[in-house]
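The chain contents come next:
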Amino acid sequence: MLGAMNFMTRHAFNFLSSFTVFILTVVNFDLGMLFVPIITIAAYYLSNKGIKMFQIGKKCKELGISRSEYKQIAMQIKKAKSHLHSLTQQFIQVRSVRSFKLLNEMTKISKRIINIVQMNPRKFYSVEDFFYSHLPSAVQLTENYSMLSQQQVKDTEIHLTLEDTRRTLKGLHETMENDLKSALESDLENLKIELDYVKFENAKKQQQMELRGEK
């Protein structure tokens, strides 16, 4: 959630600090070939931990959330990515075109929600149910559906169960669409405000030009 720039900056500092430690230990201390690499690696590790903690603290302050909240959101994003991977694994298992399309749409929506929250962790609270319930349920239902659809025996009970699971997945897809709308809601509201402001400014300028033309 810290982003690529923070990642590159952190590791650039890590390299610089560990390289400095390497030079100092080689020049000033006779520690031997065994201890110099160990100390250099330890310097890189400690530098990385320290800078990352600083970056997380700064990010939390910008977002107005605590470190524990940040840690919880990061953990949920990690779990969601694992669930998403499991969901994509089912592409090769489903056999009907209709089910494949539904699974594809659910995967796309899930990716968008995860990316949105990763970019702005505060949006997590708008889509908590997606992370805690909707995505895990989608994975579980899809796995069960794939397993049943591959059974050689297609009796009435299995057929009815498959149809019921497909209807449930369709309903879950609609729920996930609403999750995406919730994630985008504040952005849409800000965009509407910006558009209203631009329209107001354009109308104001147009009115001023018309007044000048009359003079």
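A few points on the structure. (Residues numbered from 1 in each chain as written. Predicted model: local features only at pLDDT ≥ 70, side-chain atom pairs only at ≥ 80, totals over all residues. Heavy atoms only, no water.)

Below, the discussion takes up the side chain of Lys 123. In this fold, Lys 123 is placed in the loop between α4 (97-119) and α5 (128-149). Polar contacts involving the side chain of Lys 123 include one to the main-chain carbonyl oxygen of Ala 183, which spans 2.9 Å. (Helix = DSSP H or I, 4+ residues; strand = E, 2+ residues; numbered from the N terminus. Polar contact = N/O pair within 3.5 Å; in protein donor to acceptor, adjacent residues only side chain to side chain.)

For the rest of this paragraph, the subject is the packing of α4 against α5. Relative orientation of the contacting elements α4 and α5 amounts to 155°, with a least axis distance of 12 Å. Judged by the angle between their axes, α4 and α5 are roughly antiparallel. For the pair α4 and α5, the sense of crossing is left-handed. Between α4 and α5, the residues in contact are Ser 99, Leu 103, Met 106, Ser 110, Ile 113, Ile 114 and Val 117 and Phe 130, Phe 131, Leu 135, Ala 138, Thr 142 and Tyr 145, respectively. Class assignment of the residues belonging to the contact of α4 with α5 gives a composition of 10 nonpolar, three polar and no charged. (Axes fitted to C-alpha atoms, helices over the stretch in contact; angles between N-to-C directions. Parallel < 35°, antiparallel > 145°, perpendicular 65-115°, else oblique. Left-handed = near helix turned anticlockwise from the far one by under 90°. Contact = heavy atoms within 4.5 Å. Nonpolar A, V, L, I, M, F, W, Y, C, P; charged D, E, K, R; others polar.)

Another point: empty space enclosed by the protein. Applying the stated criterion to the full structure yields one cavity of 30 Å³ or more. In this structure, the largest cavity spans a volume of roughly 70 Å³. What lines the largest cavity is Val 94, Ser 99, Leu 102, Leu 103, Thr 142, Tyr 145, Arg 166 and Leu 169. Secondary-structure elements contributing two or more residues to the lining of the largest cavity are α4, α5 and α6 (156-214). The element contributing the most residues to the lining of the largest cavity is α4, with three residues. (1 Å grid on protein atoms, 1.4 Å probe; cavity = no way out; pocket = protein on both sides within 12 Å on 5 of 7 lines; lining within 4 Å. Points joined across faces, edges and corners; volume = space filled by probe spheres on them.)

Note that an α-helix has 3.6 residues per turn; residues three or four places apart therefore point the same way. Helix length check: α4 (23 residues) gives 33 Å between terminal C-alpha atoms against 33 Å at 1.5 Å per residue, within 8%. The set of residues buried in α4 consists of Ser 99, Leu 102, Leu 103, Met 106, Thr 107, Ile 109, Ser 110, Ile 113, Ile 114, Ile 116 and Val 117. (Expected span 1.5 Å × (residues − 1). Buried < 20%, exposed > 50% of the residue type's maximum accessible area, 1.4 Å probe, protein only.)

Moving on to the layout of surface pockets. Within this model, the second largest pocket holds a volume of roughly 180 Å³. As for the second largest pocket, its lining consists of Arg 98, Lys 101, Leu 102, Glu 105, Glu 163, Arg 166, Arg 167, Lys 170 and His 173. Looking at the lining of the second largest pocket, the elements with two or more residues in it are α4 and α6. Ranked by the residues each element gives to the lining of the second largest pocket, the list is headed by α6, at five residues. Class assignment for the residues of the lining of the second largest pocket results in one nonpolar, one polar and seven charged.

Looking now at the nonpolar core. Soluble globular proteins tend to pack their nonpolar side chains together in the buried interior. In this structure, Ile 113, Ile 114, Val 117, Phe 130, Phe 131 and Met 176 are the most contacted members of the largest nonpolar core, which totals 36 residues. Elements represented by at least two residues in this core include exactly α2 (32-63), α3 (67-89), α4, α5 and α6. Aside from chain neighbours lying at most four places away, what touches Phe 130 is Ser 110, Ile 113, Ile 114, Leu 135, Pro 136, Met 176 and Asp 179. (Core = buried A, V, L, I, M, F, W, Y, C linked by side-chain atoms within 4.5 Å.)

A few words on the pattern of salt bridges. Tallied over the full model, the rule gives two salt bridges. Between Arg 167 and Asp 164 there is a salt bridge whose closest N-O contact spans 3.9 Å. Residue Arg 167 and its partner Asp 164 are both found in helix α6; the two are separated by three residues, about one turn of the helix. Under the relative-accessibility criterion, Asp 164 is labelled partly exposed at 41%. (Salt bridge = Lys/Arg side-chain N within 4 Å of Asp/Glu carboxyl O.)

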